[in-house]
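Given next are the chains, with one letter for each unit.
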Amino acid sequence: MNWDFLENILSGVNKYSTAVGRIWLSVVFLFRILVYVAAAEQVWKDEQKDFVCNTLQPGCENACFDFFYPISQVHLWALQLIMVSTPSLLVALHVAYRERREAKHKQKLYQNKGSIDGGLFCTYTISLVFKTALEVGSLLAFYFLYDGFQVPILLRCSQSPCPNTVNCYIAKATEKKIFLYIMIGTSILCIALNVVELMYIIWKQVLKCILRRYAPVEKKCSSRCSSPVYTVNKSGFTEPTVNIEDSTRPCERAAVNQPVQSGIGHAPSEGK
């Protein structure tokens, strides 16, 4: 199977991801795609051919294999990799929509098209929720389809058309079990990274909303408190003076000085 298309998708999403998201991408590349391509496909290459039962009854081995493996484990892994990587494409599509919108209006509408805020925050959150749900669903599918996370050497089968209960043997059972544990461990790690990233972007968005709400009020107060006070000298001209005592007082002090400032500012015009 050619995985170049999936690699291109994940590489394009990488530049719009958070630090935790980049770690998730590294885990997917190193411990899932590379392990699958380099080793897992070879181990499960001839699994039906290596599935042997101690009977000569035609069709018995096929019936037992279909009973114990309704879907091939390696094919289910491939389906899992595609499903958990596809939601990341939503982020790249949303950024492409922002770029197209700016090109259509011929002006800069976003400070940073890849910034996770506004609609992109909702898209990123939805993609994380979908990835986590698909990871958990895949693990549950493995557990219930294969009766646990085990690869037994011996299986007893009594499916029709077998004449009686026969013994069936799985080739490379220990090796398959090791790769199964590796894939399960990486799935759990990816779930943990998705949860951490989801909490991180939500906390970052909440913190940004708090700063956006209270920072402008403090800035306004500081600008009002530092406003100069005008006085009239003997020549009849107004001169700004800095009142050190007033600069350290609250903003209400600046509000009291405001009428005085405006009244004195008309003194030169009245003199003229």
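Before going into details, it helps to say that this report is about the structure given with it.

Per the secondary structure count, the protein chain includes ten helices and five strands. Here the protein chain holds 272 residues, and 34% of them are scored as buried. Contacts spanning at least 24 positions in sequence make up 72% of the contacts within the protein chain whose residues lie at least 6 apart. Total accessible area on the protein chain is roughly 16700 Å²; 62% of this is exposed by carbon and sulfur atoms.

Contact pair helix α5 (residues 88-105) / helix α6 (residues 119-145): the axes reach a minimum separation of 8 Å and the direction vectors enclose 165°. The angle between the axes of α5 and α6 places the two elements in the roughly antiparallel class. Between α5 and α6 lies a crossing of right-handed hand. Of α6, the residues touching α5 (which contributes Ser88, Leu90, Val91, His94, Val95 and Arg98) are Gly119, Leu120, Thr123, Tyr124, Ser127 and Lys131.

We now examine the sheet that holds strand β2 (residues 154-157). Strand pairing in a sheet relies on backbone hydrogen bonds. The paired strands run either parallel or antiparallel. In space, the three strands of this open sheet follow the order β1-β3-β2, with antiparallel pairing throughout. Edge strands, defined here as strands with exactly one partner in the open sheet, are β1 (52-53) and β2. Pairing between β1 and strand β3 (residues 166-169): two bridges, direction antiparallel. Paired with Val52 across the bridge in β3 is Tyr169.

Attention now goes to the nonpolar core. Among soluble globular proteins, nonpolar side chains are generally buried collectively. Counting residues in each nonpolar core, the largest one holds 41 residues, and the members touching the most others are Phe51, Cys64, Tyr69, Trp77, Val166 and Cys168. Those elements that place two or more of their residues in this core are α2 (19-43), α3 (60-68), α4 (73-85), α6, β2, β3 and α7 (173-225). Top element by residues in this core is α2. It accounts for ten residues. Residues in contact with Cys64, not counting those within four places in the same chain, are Phe51, Cys53, Cys157, Cys162, Val166 and Cys168. Ranked by size, the runner-up nonpolar core spans eight residues in total, among them Tyr16, Val91, Phe121 and Ile201.

Count 3.6 residues to each turn of an α-helix, and residues three or four apart come out pointing the same way. Taking 1.5 Å per residue, 25 residues should reach 36 Å; α2 reaches 34 Å between its end C-alpha atoms and fits that length. Of all bends in α2, the biggest is about 55°, found at Tyr36. Taken together, the buried positions of α2 are occupied by Val20, Gly21, Trp24, Leu25, Val27, Val28, Arg32, Ile33, Val35, Tyr36, Ala40 and Val43.

The next subject is the packing of aromatic side chains. Summed over the entire model, instances satisfying the criterion amount to nine aromatic pairs. Centroid distance Phe51 to Phe65: 5.4 Å. Interplanar angle 70°. Geometry classified as edge-to-face. In this pair, Phe51 is assigned in the loop between α2 and β1 and Phe65 in helix α3, connecting sequence segments 14 residues apart. In this pair, the class of Phe51 matches that of Phe65, namely buried. Aromatic side chains Phe67 and Phe68 sit 5.2 Å apart centroid to centroid with 75° between the ring planes, which places their arrangement in the edge-to-face category. Given the relative accessible area of 46%, Phe67 is considered partly exposed. On the accessibility criterion, Phe68 (18% relative accessible area) is buried. One aromatic cluster is present, built from ring pairs that chain together Trp44, Phe51, Phe65, Tyr69, Trp77, Phe142 and Tyr146.

What follows is about a nonpolar patch on the surface. Among the surface-exposed residues, Ile202, Trp203, Val206, Leu207, Ile210, Leu211 and Tyr214 lie close enough to one another that they form a single nonpolar patch of about 670 Å² accessible area. Looking at where Tyr214 falls in the secondary structure, it is placed in helix α7.

This brings us to the environment of Ser158. Within the fold, Ser158 resides in the loop between β2 and β3. On the basis of relative accessible area, Ser158 is assigned to the exposed category, the value being 54%. In this structure, the C-alpha to C-alpha distance between Ser158 and Cys60, residues 98 residues apart in sequence, is 8.9 Å. Excluding its chain neighbours within four sequence positions, the residues that come into contact with Ser158 are Asn164 and Thr165.

Each value, and the rule that gives it
- Residues numbered from 1 in each chain as written.
- Predicted model: local features only at pLDDT ≥ 70, side-chain atom pairs only at ≥ 80, totals over all residues.
- Heavy atoms only, no water.
- Helix = DSSP H or I, 4+ residues; strand = E, 2+ residues; numbered from the N terminus.
- Buried < 20%, exposed > 50% of the residue type's maximum accessible area, 1.4 Å probe, protein only.
- Contact = heavy atoms within 4.5 Å.
- Areas by Shrake-Rupley, 256 points an atom, 1.4 Å probe, with all protein chains shown as cover.
- Axes fitted to C-alpha atoms, helices over the stretch in contact; angles between N-to-C directions.
- Parallel < 35°, antiparallel > 145°, perpendicular 65-115°, else oblique.
- Left-handed = near helix turned anticlockwise from the far one by under 90°.
- Pairing = 2+ DSSP bridges.
- Core = buried A, V, L, I, M, F, W, Y, C linked by side-chain atoms within 4.5 Å.
- Expected span 1.5 Å × (residues − 1).
- Bend = angle between axes of the 7 residues up to and from the residue.
- Phe/Tyr/Trp six-rings, centres within 6.5 Å; stacked < 30°, edge-to-face > 60°.
- Patch = residues over 30% accessible without salt bridge, like charges linked within 9 Å, V, L, I, M, F, W, Y side chains within 5 Å.
- Salt bridge = Lys/Arg side-chain N within 4 Å of Asp/Glu carboxyl O.

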